[in-house]
Amino acid sequence: MENIDNIYEQLDKELSMNGADNLREIRRGALEKFRRTGIPTTRHEEWKYTRVSSLFNKQLNLPVSGADLPFTREDLDALRLPGQAEANELVFINGLYSAAFSVIRSSGIEIVPLAIAAENEYAPIVKAHLGHSSKYHEDGLHALNTAWLRDGAFVSVKKSAVPEHPLYIINIADARKQHQFLQPRCLIHLAARAVLQVIDNNITIGNVDCLTSQVVEAVVEEAAFLEYYKLQHDAPNSSIVSTTHIRHVGKSNSHVVTISLDGKLVRNNLNIVLDAEHCESHMYGLYMPKGDDHIDNHTLVDNVKPHCFSNELYKGVMSDRSTGVFNGKIFVRQQAQKTNAYQSNKNILLSPEASVNTKPQLEIFADDVKCSHGCTIGQLDEDGIFYLRSRGISEDMARSLLLHGFATDILEQIKPLALRNYMEELINHRLELKEYEY
Amino acid sequence: MLSIKNLTANIEDREILKGINLEIKAGEVHAIMGPNGSGKSTLASVLAGRDHYDVTGGSVEFNGKDLLDLKPEERAGEGLFLAFQYPVEIPGLSTINFMKTSLNEVRKYRGQDPLDAVQFLKLMKEKMALVNIDKTLLSRSLNEGFSGGEKKRNEVFQMAMLEPKLAILDETDSGLDIDAIRIVANGVNSLRREDNAVLVVTHYQRLLDYIVPDFVHVLWNGKIVRSGTKELALELEERGYDFIKNETATV
Ligand SMILES: Nc1ncnc2c1ncn2[C@@H]1O[C@H](COP(=O)(O)OP(=O)(O)OP(=O)(O)O)[C@@H](O)[C@H]1O
Ligand SMILES: [Mg+2]
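Quick notes on the rules
Residues numbered from 1 in each chain as written. Chains lettered and ligands numbered in written order. Predicted model: local features only at pLDDT ≥ 70, side-chain atom pairs only at ≥ 80, totals over all residues. Heavy atoms only, no water. Salt bridge = Lys/Arg side-chain N within 4 Å of Asp/Glu carboxyl O. Helix = DSSP H or I, 4+ residues; strand = E, 2+ residues; numbered from the N terminus. Buried < 20%, exposed > 50% of the residue type's maximum accessible area, 1.4 Å probe, protein only. Disulfide = S-S within 2.5 Å. Near = heavy atom within 4 Å. Polar contact = N/O pair within 3.5 Å; in protein donor to acceptor, adjacent residues only side chain to side chain. Nonpolar A, V, L, I, M, F, W, Y, C, P; charged D, E, K, R; others polar. Contact = heavy atoms within 4.5 Å. Buried area = accessible area lost by both parts, 1.4 Å probe. Axes fitted to C-alpha atoms, helices over the stretch in contact; angles between N-to-C directions. Parallel < 35°, antiparallel > 145°, perpendicular 65-115°, else oblique.

Caption draft 1: Main features of the pattern of salt bridges. Within the structure shown, the criterion is met by 40 salt bridges over all chains. With a closest N to O distance of 3.5 Å, Asp275(A) and Lys305(A) form a salt bridge. Taken together, the residues span a long stretch of sequence, with Asp275(A) in the loop between β13 (265-274) and β14 (280-287) and Lys305(A) in the loop between β15 (294-303) and β16 (309-318) at a distance of 30 residues. Judged by its relative accessible area of 16%, Asp275(A) is buried. Among the residues examined, Lys305(A) registers a relative accessible area of 26% and is labelled partly exposed. Close ionic contact of Glu126(B) with Lys127(B) constitutes a salt bridge, the shortest N to O distance being 3.9 Å. Residue classification places Glu126(B) among the partly exposed positions, given a relative accessible area of 46%.

Right, here's the structure in full:
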């Protein structure tokens, strides 16, 4: 068991020991940044509405590399998502890449421990891209993930490869005995013309409070296409701060869907860096906090190069005493002329104690751009409820149908059918809609 | 079938319905006409159970039941149907799925088994033909982006699916061209039976050429001030409402 203060000392000692590896420098730098900045407080502009500091009040249990695996293959098989058993699986146990549980079933894709990738033929890619997201995050929590970096994974999708199945990234936390602090780390590289679907899911086993600080960086080369589905349907004792950082370095596309249904505290940073001309990115989000849940989505589109297109639609349904946060930053650099960037955020508050903070943030330094943004906060449409009731549908079911309708255009963005149907089921279950198909 | 006695209703403390009396028997067609703002839609909404109107007095009996005591969905189950003057747009819910839910919920209320997919589609095809509505429209989100005429035809389609005992059509003819009016009227007429009834709210005589009423009522300032046969509609068309206003003013 450790406390956040002696994590620094432990890492400082570790990184001062003899020996050299290619990750040492970046970890050193990150550790210094962590020392300077610490865990963000709500005084930090980017963390104004999301209080993570209290998650660090308790003793933290950091996983140990090479420790005995706390689960068996059968344990994990039982937790698979639809389609996962046939697909490629990248499994992290307590934040550590588990070679034993990870399986590649498609050709053209490879998983290598990050520490090895940093030394072998992938070294130039790792050097060029690992840690690129830290430029976008001035807080110590993100830095700590890099400083601590061990047992990360590197995923390579070869030139022109189109793996026939998605890559499931499964983060498993063992929260049966101790308060876990997990820091999974992953770098994904899509070579030119490669195509990859990623499905990213967190599973907490056990009832002890558990915190994940996850960083996934992805590099998308010329004519490649990344689809990224982030699914958050975890236990009520689990909290997550995640950064998904997608960097387009050649004319390429991405499609990202983030669905957050459960979790005590969820903070998602999604960065789309359009670092080549004619890139296109679509981002969709659905968040449905309940009880005392807190779900925060911070998105950033950084238009570095001209002629890029981005479109963003996030929808939230807040019930009970829960809170939602949406912050959508669009950054258009001076040379990024002819940028097209659209953003929309729509919220429904289901209870007087629920709340949402939504803020578009446009910082535009080029003059020839098209940007638009809009946000709405409202309640369920009473006229709509009455209309459905007048057709024999009960009030509760009418509300559920309206909410389902509200969520539908986000769910439709989930292209893998097995996953979409599964999400539909989860949402129908949440809305207590079971009898008919919608 | 429907017996309204001395019904009064407020919205936000303003009295809109000021003592309505109306009897509708099985097999009859009644028309309500009246100037804008006279309370026609308010009456229709109160009958359907819209809760932002406060019923302050009177009673409504529907097939022996106290209608005002029922929830809107129960009223639908009992066989009441309101075709809305302004049908509501419901994003993300297709008309087909909506109708499947609606029909099966109503059937459940009536103690009938739900229709399976095959039976439902068969019924739907039949009713679609009746109002000349096509499937692509019904696969889209309910009323969203529908033209005025499409919305109205969709209302009649829903009515045809649910086969109500009492259908209230609130200006279902407004905004329709003459062909569409004929289609809507045919739809309504083909559903007429001895054991059901229709209440048509309209501003225009021309709908009544197709759906011929047994009785015509004039609603003015929250009251039915005149009742007659279909000739009354013709008279209103010729002379406007003013002659009635003048008459009632002198009463
Ligand atoms: N939601 C509401 N809030 C406030 N006033 C309302 C509301 N609904 C109706 N009213 C008022 O009640 C009165 C009657 O309206 P209603 O819609 O019943 O008239 P109508 O006879 O159907 O008119 P039209 O021929 O224009 O459809 C009007 O003065 C209207 O402004
Ligand atoms: Mg009206």
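Having seen the model, we can carry on.
Caption draft 2: Expanded view of unusual backbone geometry. A positive phi is found at Asp320(A), a non-glycine position, where the angle reads about 50°. If you trace the backbone, Asp320(A) turns up in the loop between β16 and β17 (323-332). Overall, the relative accessible area of 36% leaves Asp320(A) in the partly exposed class. Although it is not a glycine, Glu171(B) adopts a positive phi angle of roughly 50°. With respect to the helices and strands, Glu171(B) occurs in the loop between β9 (166-170) and α7 (178-190).

Caption draft 3: Representation of the state of the cysteines in the model. Residue and element names in this part refer to chain A. For the structure shown, the criterion picks out zero disulfides over all chains. Free of any disulfide, Cys 371 has its nearest neighbouring cysteine sulfur in Cys 308, separated by 12 Å. Cys 371 gets classed as partly exposed once you look at its relative accessible area, which sits at 23%.

Caption draft 4: How the structure looks around the site of ligand 1. Residues and elements named next belong to chain B. Around ligand 1, the surrounding shell holds 16 residues, and the nearest of these are Arg 14, Gly 37, Lys 40, Ser 41 and Thr 42. Note that an oxygen atom of ligand 1 is positioned 3.2 Å from one of the side-chain N or O atoms of Glu 171. Breaking the shell around ligand 1 down by element, the ones donating at least two residues are β2 (14-24) and α1 (40-48). With three residues, the top contributor of residues to the shell around ligand 1 is α1. When the residues that make up the shell around ligand 1 are grouped by side-chain class, the tally is four nonpolar, nine polar and three charged.

Caption draft 5: View of the interface of chain B and chain A. Taken together, the contact pairs 32 residues of chain B with 24 residues of chain A. Of the roughly 2300 Å² buried between chain B and chain A, counting both surfaces, carbon and sulfur atoms make up 61%. Scanning the region where chain B abuts chain A turns up three salt bridges. For the salt bridge of Arg50(B) with Asp383(A), the shortest nitrogen-to-oxygen distance reads 2.7 Å. Linking chain B with chain A are nine residue pairs in polar contact (both at pLDDT 80 or more). Sorting the residues of the side of chain B that touches chain A by element identifies α1, α2 (72-78), β6 (80-83), β7 (90-94), α3 (95-109) and α6 (148-162) of chain B as the ones contributing at least two each.

Caption draft 6: Examining the packing of α6(B) against α7(B) more closely. Residues and elements named next belong to chain B. It is the contact of α6 with α7, at a shortest axis distance of 10 Å, that shows an interaxial angle of 10°. By the angle class used here, α6 and α7 are roughly parallel. Counting all contacts with α6, which are made through Arg 153, Val 156 and Met 159, the residues of α7 involved are Ile 183, Val 184, Gly 187 and Val 188. Tallied by class, the residues present in the contact of α6 with α7 amount to five nonpolar, one polar and one charged.

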